[in-house]
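In case you want the letters, here they are:
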Amino acid sequence: MSELKTRTITLNGVETRVWEKGAGATIGYFPGFGGTPRWHAFLDELAKTRKVIVPSLPGFPGGGLGHLELHNHLDWVIACGDLLELSGLSGGDLIGVGFGGALAADIAAVFPQKVRRLALISSYGLYDEKDPITNVWAQRPGTVQNVLCAKPERFTELTAMPNDYDPTEWQIEMVRASEAGARYLWPFGNTHLDRRLHRIKQPVLLLRGSEDKVIPASYQQKFAAGIGSTAKTATINGAGHLAELDEPEAVAKAILDFVK
Amino acid sequence: MKICWFHLMPYTDLPEDFQKKHSSVWVDIDSRLFDPKRAHHMYNDFMDELEFAADCGFDAICVNEHHANGYGLMPSPNIIAATLARRTKDTAICVMGNSLALYNPPTRVAEEFAMLDCISGGRLIAGFPVGTPMDTCYAMGQNPSSLREKYREAHDLVMQAWTNPDTFSFNGRHNQIPFVNIWPRPVQQPHPPVWIPGGGSVETFEWCAEMDYVYSYLSYFGYKAGLATMNDFWSKMAELGKDRNPYRAGFLQFVGVAETKQEAMKIYKEPAEYFYGRCLHVDPRYAMPPGYTTEETMRRKYQSQVAAVAQKGEEKKAVSGLGTPADMSIEFIEQEGYVILGSPDEVAEKLREVAINMNVGHLMLLLQYGNMSKDLTNYNTKLFAEKVMPQIKDIFDDKWEDHWWPKPMAKAERAVPAPTTREAAE
């Protein structure tokens, strides 16, 4: 496996970090809550056989203040579609988790040529008031990891401050990541994706952790029904909402088998 | 010195075990605790108290806006202000205020404030809060990441609606209106004085300086905790080349007056402990939606916390300002300066010190709080008006002019509301 490489691209005038590791066909990763403040085990699993490209979403770690340039859902979809182009992911396989799933699904629906195969892990984008999503922005301070992961320490590790970082700036970046998600998904995560799911013709894998406390199981079925025959579903036992943090090997295997 | 009488209108019947059995006084407070027939009496008592304060000679009576809140029963302060405009004569009416981003479209605020200014003959102070996280983001669903830009845009729209004599179109990001032409227009020209309630963010200091608005620091935690913020405010004014006119600023303070301090500690114990216990029992899950606090303010807050920990080796209180110690006894409340308690002379001396140290020309006083009865509220109000007010009224007036006070129509030109019974009218 090659070393982790860092590139910088410019998206809407904002310097944006792109991480890359591995060789082979490309696979992209749009993360969920918290973004990708550090490279983690799941990405390493993918990089064993694929070239993994992780562009920073606007406002998420490495994405600067790019979220403030985006004022509506169309802005977000276009910006993240451009992000695929600029980071060398267009036409490749794409993984979207939670927040990132809502964007990845919309890009697949609106710009079908940009995505080959799509893997969604507990994606946002729909909302059913009879079976509501847990509000991740209404958790008591210091407890959000308990709803995000079956192994909360995994999220704590993901967001732990690196040794050489300024503590104030690190805290601000973590809040900014949460804000960026809120900027396009507040308050429910409902981007009315149900109106566009039928446009997704690519093969789609809908993954969900069996212990997901954020998005109820019924949403996996709603996505599948909306997309139709190209969608298949799978459950990762023992994983929470950010399933790839809880069970990196199992999630990577399911996705690599699907995109083969 | 201007002395303003402020009412929050707290629900006075929250049960004694409220903190044990309920998670929050705000956002998801249990609606089954609300008895509308009791609220009928509360509203009428509260309006009596505001009118009584006006009659006692306070310079202004103040109301504010909260939503889904057990200590603030005014989702629409304009409704209360309308009744006050009819039932009071000379007192300024301070609506502190309308959370601009919550009005759709915000021309509604320009219209209703203009109505209030017309009905009152030009006695309105127009307050424009951003609104708390609990009110705006959770109870009213606003996006915390765009709340402030929506607020600023709404402000621009209201100001243009008040000051542009012609019909115009407004092409904003959040509001697109083909014909803006409010009718009525405010009595006070070009517009009523604008006061901005704030929580200590440096951007708000700067904006008040730029727009020449009053900055009013509405903290429930008294003069001791508030001094640092007001010092920051005045440093920023100096940096921006603004004078130290104390009327640029307002400050909220709870007060309880009695014949002696001992007596004050005794009679205000229950309402103060009710407020700082039950009324501030806010679930912290609603205190910090991401993006509500600007990064610059976060940066200053985190840095000052790091410095405090480094210097004192102790953790500061919850960042939201809403985290309250478990033991909210009257002794603690008094000692921390949350409520100033004492004899008239003691309270006057303390308020003089507060006003001068903070350089604040608009004192916004809470003389009703928690479950304080109307009798006790009126006692507090009357004793304050008779024995405290005369001792502090003169502060600043020899040196400074209040450019931010309403300029009503001349008294002789103003309407006199007819008596309320047919017999009296005839």
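To keep things clear, this report deals only with the structure shown in the data block. (Residues numbered from 1 in each chain as written. Chains lettered and ligands numbered in written order. Predicted model: local features only at pLDDT ≥ 70, side-chain atom pairs only at ≥ 80, totals over all residues.)

## Some thoughts on the overall build of chain A
Going by this rule: What counts as a helix is a DSSP run of H or I of at least four residues, what counts as a strand is a run of E of at least two, and both are numbered from the N terminus. Computation of the radius of gyration draws on C-alpha atoms alone. For the globule rule, the value is 2.2 Å times the number of residues to the power 0.38. To sort residues by exposure, count the other C-beta atoms lying within 10 Å of each residue's C-beta; 20 or more gives buried, 12 or fewer gives exposed, and values between give partly exposed, all with C-beta atoms placed from the backbone.
Scanning chain A for helices and strands turns up nine helices and eight strands. In summary, chain A has a C-alpha radius of gyration of 16 Å against a globular reference of 18 Å for 260 residues, a match within 12%. Considered along the principal axes of its C-alpha atoms, chain A spans approximately 50 × 40 × 35 Å. Taking all 260 residues of chain A together, 53% fall into the buried category.

## Focus on unusual backbone geometry
Residues N104 of chain B and P105 of chain B are joined by a peptide bond in cis, for which omega reads -5°. Structurally, the position occupied by P105 of chain B is in the loop between β3 (92–95) and α4 (107–120). For the bond from Q189 of chain B to P190 of chain B, the omega torsion is 5°, close enough to zero to count as cis. Tracing the chain through its elements places P190 of chain B in the loop between β6 (176–180) and β7 (194–198). Although it is not a glycine, N12 of chain A sits at a positive phi angle of roughly 50°.

## Here we look at the packing of helix α8 (residues 222–239) of chain B against helix α13 (residues 344–358) of chain B
All names here are of chain B. To keep it simple, the criterion reads: Here the axes come from fitting lines to C-alpha atoms, over the contacting stretch only for helices, and the angles between their N-to-C directions go from 0 to 180 degrees. Convention used here: angles under 35 degrees read as roughly parallel, angles over 145 as roughly antiparallel, angles from 65 to 115 as roughly perpendicular, and any remaining angle as oblique. Helix crossings are classified by the rotation of the near helix relative to the far one: an anticlockwise turn of less than a right angle makes the crossing left-handed, while a clockwise turn makes it right-handed. It is the C-beta atoms, placed from the backbone, that decide contacts: two residues are in contact if theirs lie within 7 Å.
One way to put it is that α8 packs onto α13 with a least axis distance of 10 Å and a crossing angle of 15°. Classified by the interaxial angle, the pair formed by α8 and α13 is roughly parallel. For the crossing formed where α8 meets α13, the hand is right-handed. Where α8 abuts α13, its residues Y223, G226, L227 and M230 lie against V354, N357 and M358.

## Some thoughts on the nonpolar core
Using the following cut-off: A set of buried Ala, Val, Leu, Ile, Met, Phe, Trp, Tyr and Cys residues, joined to one another through C-beta atoms within 7 Å, is what we call a nonpolar core.
If you look at the biggest cluster of nonpolar residues, it comprises 124 residues, and the most contacted ones within it are C4, I61 and I93 of chain B. Top element by residues in this core is helix α6 (residues 147–163) of chain B. It accounts for seven residues. Excluding anything up to four places from it in sequence, C4 of chain B contacts F58, D59, A60, C62, C94, H362, L363, M364 and L365 of chain B. Core analysis: the second largest hydrophobic core is formed by 81 residues, F60, I107, L126 and F155 of chain A among them.

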